[in-house]
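These are the residues of each chain, in order.
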Amino acid sequence: MKVRRTRYLRRGRPRAVLFTGAAGFVGSHLADRLLDDGYRVIAVDNLITGSEKNLEHLHDHPRFRFIEHDISEPLEIRERLDWVMHFASPASPPKYLKWPLETMRANSTGTHLLLELAREHRARFFLASTSEVYGDPKQHPQPEDYWGNVNPLGPRSVYDEAKRYAEALAMSYHREFELPLRIIRIFNTYGPRMDPHDGRVVTNFIRQALANEPLTVYGDGSQTRSLQHIDDLVEGVARYMKVEDPGPINLGNPEECTVLELARLILELTGSDSDIVFEPLPENDPTRRRPDIERARKLLGWSPKIGMREGLERTIDSFATTAAPAEPLTAARTAQA
Ligand code: NAD
Ligand code: UDP
């Protein structure tokens, strides 16, 4: 591992990052952080699951530029790039089930084109992968050297296998061309600016609780997830940019809970009178998930700082002020769409 001194300038000019998926939940927070850290940000997004609203506050920023573009199509960038950071992909299960081929393309063709762009610019490549590469894990918690248990033909494979392919392709570029690479595997992350209708568990439960609608627990709610607040993820990414190591590195919060416990906690924190109802479990829904974060601790000196209760309180506050009523999106409905 080599730790680089932080240098945001190259020959007196701010270093430039091409950031895909910037109008999404995670991407918009990272765009803020990169600008705060002195980078120039060229944000690319086709708005399939993101929203320009997430970037509204940056439009007049002198080091920010937005390009509406589908990264599965070639993109020519004339100005010098120092980083290509690839975060564009539908990420919520109902959304990637609604757009299966778009999801596969964003992570396969999209990753390939962006790796070529990085190579052409001699830029560093940063790939947002996912805990879904572990599938329904037989090893618990999941360290980075666990190979996973993924159904290659199941409905979730459009996301899981596409991300696994993206990792494999990025590693090939790293080996063949010595392309400087960082791969992160992000575990369930939540926070302000999530689309309240993206169908993920935190957004569904908070939106339902605030509207006094029933909270929809899929299956018996005994499946577990480990939830990370967005601010911790952003800190992990910023630290990793300074460390020369291809990874992969898990970024997640090991605080694990069942989905039913999460529903009860959100009811408590919102003070909602909503009931809990049980709905069918989506196919191949992982039964448990918790990151082993030893590698991130050692390489980045990083560990999450925001506990679930505090993080959810902050997120509930942000939803209470911004969530607009609209059609709820459930896994069952989008699977039929
Ligand atoms: P999101 O849906 O809010 O953001 C994804 C963004 O990518 C959206 O703005 C969308 O419009 C854009 N996009 C998708 N396909 C595109 C294409 N072909 N061209 C251009 N833009 C495109 O999701 P998110 O939660 O912010 O996830 C961001 C990244 O982090 C994804 O790569 C996702 O796989 C990864 N990730 C997120 C989580 C999480 O819990 N949030 C967990 C694991 C991995
Ligand atoms: N889930 C649920 N009710 C919902 C949405 C999701 O019980 O309204 C469950 C889902 O079946 C899964 C967990 O919550 O077991 C996390 O789902 P999410 O879609 O947030 O992300 P995943 O980790 O499955 O990608």
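Keep in mind that what you see is a predicted model, and the values were worked out from it rather than measured.

Some remarks on the pattern of salt bridges
Counted under the stated rule, the structure contains 25 salt bridges. A salt bridge links Arg-193 to Asp-32, with the shortest nitrogen-to-oxygen separation between them at 2.8 Å. Linking Arg-193 in the loop between strand S10 (189–190) and helix H6 (201–210) with Asp-32 in helix H1 (residues 25–36), this pair joins segments that are 161 residues apart in sequence. Overall, the relative accessible area of 29% leaves Arg-193 in the partly exposed class.

Some thoughts on the site of ligand 2
Surrounding ligand 2, one finds 18 residues, the nearest of these being Thr-216, Tyr-218, Arg-225, Asp-285 and Arg-289. One of the side-chain N or O atoms of Asp-285 is found 2.5 Å from an oxygen atom in ligand 2. Arg-289 has a polar side-chain atom sitting 2.7 Å from an oxygen atom of ligand 2. Secondary-structure elements contributing two or more residues to the shell around ligand 2 are H6 and strand S11 (215–218). Taken together, the residues of the shell around ligand 2 break down into 7 nonpolar, 5 polar and 6 charged.

With respect to helix H3 (residues 100–107)
Among the residues making up H3, those that are buried are Thr-103, Ala-106 and Asn-107. Within H3, the buried residues cover an arc of 90 degrees as seen down the axis, which keeps them to one side.

So, the pairing of S11
A two-sided burial pattern is seen for S11, the buried positions comprising Leu-215 and Val-217 on one face and Thr-216 and Tyr-218 on the other. As paired strands, S11 and strand S17 (residues 276–279) are joined by 4 bridges and run parallel to one another. Its bridge partner lying in S17, Thr-216 is registered against Val-277.

Overview of the packing of aromatic side chains
This structure, assessed with the given rule, holds 7 aromatic pairs. Relative to Phe-87, the ring of Phe-19 has its centre 4.8 Å away and its plane inclined at 25 degrees; by these criteria the two rings are stacked. One end of the pair, Phe-19, is in strand S4 (residues 16–20); the other, Phe-87, is in the loop between strand S7 (83–86) and helix H2 (93–98), with 68 residues separating them in the sequence. Judged by its relative accessible area of 0%, Phe-19 is buried. Owing to a relative accessible area of 10%, Phe-87 belongs among the buried residues under this scheme.

As for the site of ligand 1
Close contacts around ligand 1 come from 30 residues, with Asp-45, Thr-49, Tyr-159, Lys-163 and Thr-189 the closest. Here an oxygen atom of ligand 1 sits 2.8 Å away from a polar atom, N or O, in the main chain of Val-26. If ligand 1 stood free it would expose 820 Å²; the protein chains cover 95% of that surface. Among the secondary structure elements, those contributing two or more residues to the shell around ligand 1 are H1, strand S8 (124–130) and helix H5 (157–177). It is S8 that provides the largest number of residues to the shell around ligand 1, a total of 3 residues.

Describing unusual backbone geometry
Negative phi characterises most residues that are not glycine, and trans characterises most peptide bonds. Note the cis peptide between His-140 and Pro-141, where omega equals -10 degrees. For Pro-141, the location among the structural elements is in the loop between S8 and H5. A cis amide bond links Gly-247 with the next residue in sequence, Pro-248, at an omega value of 5 degrees. Its place among the elements puts Pro-248 in the loop between strand S14 (243–244) and strand S15 (249–251).

Description of the environment of Leu-265
Structurally, the position occupied by Leu-265 is in helix H8 (residues 259–270). In this structure Leu-265 comes out as buried when scored by relative accessible area, which is 11%. Sequence spacing of Leu-265 and Arg-309 is 44 residues, and the spatial spacing of their C-alpha atoms is 7.9 Å. Once you skip the residues sitting within four places of it in the chain, Leu-265 turns out to touch Met-308, Arg-309 and Leu-312.

Comments concerning the nonpolar core
Within the largest apolar cluster, 59 residues are counted, with the highest numbers of intra-cluster contacts made by Met-85 and Phe-87. Top contributing element to this core by residue count: H8, with 8 residues. Listed in part, the 26 residues of the second largest apolar core include Ile-71, Ala-123, Tyr-173 and Ile-183.

Here's the deal with the confidence of the model for the protein
Taken over all residues, the pLDDT of the protein has a mean of 93, while the share at 70 or more is 92%. Low pLDDT, under 50, characterises residues 1–8; the predicted model gives this stretch 22 contacts beyond four residues in sequence or across chains. Taken together, the stretch residues 325–337 has pLDDT below 50 and engages in 22 contacts with residues farther than four places along the chain or on a different chain.

With respect to the pairing of S8
Across the 7 residues of S8, 7 count as buried, placing the element largely inside the fold. Burial of S8 is two-sided: the residues Arg-124, Phe-126, Ala-128 and Thr-130 facing one way and the residues Phe-125, Leu-127 and Ser-129 facing the other way are all buried. Where S7 lies against S8, 4 bridges are found, and the strand directions are parallel. Directly across from His-86, in S8, lies its bridge partner Leu-127. Direction of pairing for S8 relative to strand S9 (residues 181–186): parallel, over a ladder of 6 bridges. In the sheet register, Phe-126 faces S9, and the bridge partner there is Arg-182. Once the chain exits S8 it traverses H5 before rejoining the sheet at S9, and the crossover so formed is right-handed.

Cut-offs used in this document
Residues numbered from 1 in each chain as written. Chains lettered and ligands numbered in written order. Predicted model: local features only at pLDDT ≥ 70, side-chain atom pairs only at ≥ 80, totals over all residues. Heavy atoms only, no water. Salt bridge = Lys/Arg side-chain N within 4 Å of Asp/Glu carboxyl O. Helix = DSSP H or I, 4+ residues; strand = E, 2+ residues; numbered from the N terminus. Buried < 20%, exposed > 50% of the residue type's maximum accessible area, 1.4 Å probe, protein only. Near = heavy atom within 4 Å. Polar contact = N/O pair within 3.5 Å; in protein donor to acceptor, adjacent residues only side chain to side chain. Nonpolar A, V, L, I, M, F, W, Y, C, P; charged D, E, K, R; others polar. Arc of directions from axis to C-beta. Pairing = 2+ DSSP bridges. Phe/Tyr/Trp six-rings, centres within 6.5 Å; stacked < 30°, edge-to-face > 60°. Areas by Shrake-Rupley, 256 points an atom, 1.4 Å probe, with all protein chains shown as cover. Contact = heavy atoms within 4.5 Å. Core = buried A, V, L, I, M, F, W, Y, C linked by side-chain atoms within 4.5 Å. pLDDT = per-residue confidence, 0-100. Right-handed = clockwise from strand over helix to strand, strands pointing away.

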